[in-house]
Amino acid sequence: MKRCLFLRCKRDHAPKIFDAPLWAGMVENVHQSRFPELDLSPYGAIIMSMLTDQASLSRHADKLESFLDRGGLLVVNGHMAYPLLADVAPFLPQSGHGTDALAVHRLADHPVFAGVAEEDLTFRRGVAGFYGRGHNPPPDGAIALNGLGAGKVALDWLWRRPKGGTVFMHGGLDLWAYAGDPTSAARMAPQLLNWLKSEMRGETCDA
Amino acid sequence: MRKILAVDGGTYFHHFSYADPRVARFIDRRVHVGDLGATRLDDFDVVLLPCRIDPDSLIPFAGALRAYLDGGGTVVSLNADAADEFLPGIVNRSTEVNFWWWLDGGVDPGIRIMRPSHPLFAHVGAGHVIWHYHGVLTPPPGAISLVDVEGEGSLLYIDRASTAGRLIVSTLDPVFHHGSNFMPNATHLLYGLMEWLAEGALGDAMAPISADHPIEVVRAVSGGCCA
């Protein structure tokens, strides 16, 4: 099975769960500064953190695109500020204020969010806004998974690219930041790793 | 107006903070950390290092930053994480992050303005340094702490003792929060800090040690922390 590449943004950056026995050896941590010379052929998936140096990585957008063209899977966290991916527009901050503007709504089922309650994404200890503060507008053909605010703009989406490859977008705080939450939001990190595992084995289970 | 060099780690929040016109108008030049080696620090009055930049990207510039400080320059590091590896005199202790203290109006987070008369506070409201924090600093001898967590350490200090220049260090992370569209206090602090660095009095006349200055107990600005 191919491995998953976590583009580490600083030392000790990889979440502990990436090394948990269930997924032992599946995720390899490499500092993102090594991306330009890295051979991507051993990897079936790439995970990007919200801390990514997008300015530097965007200079190698063609390498990311060809990884996807070859059938790779890319998981993105954070706000898009630089042209990392063709067809993905820059981040739009959420308009409006208060809880209504920051409420998370499930728009389509996906294994990463199975059993994750909307309110556990909207609120942490009653406070709204940790999960997302806007969205990266999806390309045509993407499936919106979670929407934000009254307009249910696509905060999380899945895009099976016509040219091959898949983009899983979460336009906010790193999904694994919830791994220690005492709520159903903690399910996201292990379910992300399980989903990546099945995707890399060729078992598509979101359709 | 002082010339400010804003170092950029290439993240989305560095970009969105620096691109905000209310911040950008104070920035003379913005440089990606990867291009810092080709930049003459001495051409600038202030070098700003943002929060949540990869500290390993700054270690190669430890010598250049030290020489710039020794020459009288001003370095502002909003990143304290591993900053002892590229800046002098920094002792940072990570603390458990309490995102929630302000939910209980009766809780005193212990944050104190140590020098209310410092000119920084002509630009930054006392309540604007209050949200969660990720660590506390032990200022080196002769440095002036402007914001403390009582009994814990400093959240923001100015060190004019370790070098001939000014080293301003904070564990608050306003660039991250403002650039993430998250937290009004962080926005106020960033705007005020930039205005102060560009146009304000830097408070050099203040003695490093003064036993008789008043300490201001501050409370959170209502609604200032989160949504």
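For every chain, the first residue of the written sequence is number 1, and numbering continues from 1 along that sequence. Going through the entries in the order they are written, you letter the chains from A and number the ligands from 1. For a predicted model such as this one, the threshold for reporting local features is a pLDDT of at least 70, and the threshold for listing and counting side-chain atom pairs is 80 or more; totals across whole chains, interfaces and linings nevertheless cover every residue.

Caption draft 1: Highlighting the overall build of chain B. Helices and strands together make up the secondary structure of chain B, namely five helices and eleven strands. Looking at chain B as a whole, 50% of its 227 residues are labelled buried. Taking the contacts inside chain B whose residues are at least 6 apart along the sequence as the reference set, 72% of them involve residues at least 24 apart. A helix here means a DSSP run of H or I that spans at least four residues, while a strand means a run of E at least two residues long, and both kinds are numbered starting from the N terminus. For the exposure call, what matters is how many other C-beta atoms sit within 10 Å of a residue's own: 20 or more marks it buried, 12 or fewer exposed, and in between partly exposed, using C-beta atoms placed from the backbone. Any pair of residues counts as being in contact when their C-beta atoms, constructed from backbone geometry, are within 7 Å of one another.

Caption draft 2: Molecular detail of the overall build of chain A. Per the secondary structure count, chain A includes five helices and twelve strands. Expressed as lengths along the three principal axes of its C-alpha atoms, the size of chain A is roughly 45 × 35 × 35 Å. Within chain A, contacts between residues at least 6 apart in sequence are counted, and of these 65% link residues at least 24 apart.

Caption draft 3: Spatial organisation of the interface of chain B and chain A. The interface is formed by 20 residues belonging to chain B together with 24 residues belonging to chain A. The element best represented in the side of chain B that touches chain A is helix 1 (residues 12-19) of chain B, accounting for three residues. Residues are sorted three ways: Asp, Glu, Lys and Arg are charged, Ala, Val, Leu, Ile, Met, Phe, Trp, Tyr, Cys and Pro are nonpolar, and all the rest, Gly among them, are polar. Across the side of chain B that touches chain A, the residue classes break down as eight nonpolar, eight polar and four charged.

Caption draft 4: View of helix 3 (residues 62-70) of chain B. Residues and elements named next belong to chain B. Of the positions making up helix 3, those classed as buried are Leu65, Tyr68 and Leu69. One side of helix 3 carries all its buried residues, which in axial view fall inside an arc of 100°. Against the buried residues of helix 3 lie strand 3 (46-49), strand 4 (74-77) and strand 10 (166-170). As used here, the arc is the angular range of directions from the helix axis to the C-beta atoms.

Caption draft 5: A look at the sheet that holds strand 12 (residues 166-170) of chain A. Residue and element names in this part refer to chain A. The sheet built from eight strands is open, its strands ordered 2-1-3-4-12-11-10-6 with mixed pairing. Looking at the sheet topology across the chains shown, the edges are occupied by strand 2 (27-31) and strand 6 (104-106). Each neighbouring strand pair of the sheet contributes to a mean axis angle of 20°, computed without reference to strand direction. When DSSP finds two or more bridges between a pair of strands, those strands are recorded as paired. Note: strand 6 against strand 10 (residues 143-148), three bridges, orientation antiparallel. Within the sheet, the bridge partner assigned to His105 lies in strand 10 and is Gly147. What counts as an axis is a line fitted to C-alpha atoms, over the stretch in contact for a helix, and the angles between N-to-C directions run from 0 to 180 degrees. Strands in contact with helix 5 (residues 188-200) are strand 1 (3-8), strand 3 (43-48) and strand 4 (73-77); relative to strand 3, the strand with the most contacts, it is inclined by about 150°.

Caption draft 6: Expanded view of helix 5 (residues 184-199) of chain B. All names here are of chain B. In this analysis, the expected span of each helix is defined as 1.5 Å times one less than the number of residues it contains. Compared with an ideal rise of 1.5 Å per residue, which puts 16 residues at 22 Å, helix 5 spans 22 Å between its outermost C-alpha atoms and is within 8% of the ideal. Along helix 5, the residues that are buried comprise Asn185, Ala186, Thr187, His188, Leu189, Leu190, Gly192, Leu193, Met194, Trp196 and Leu197. Taken together, the buried residues of helix 5 touch strand 1 (4-8), helix 1, helix 2 (21-24), strand 3, strand 4 and helix 4 (174-179).

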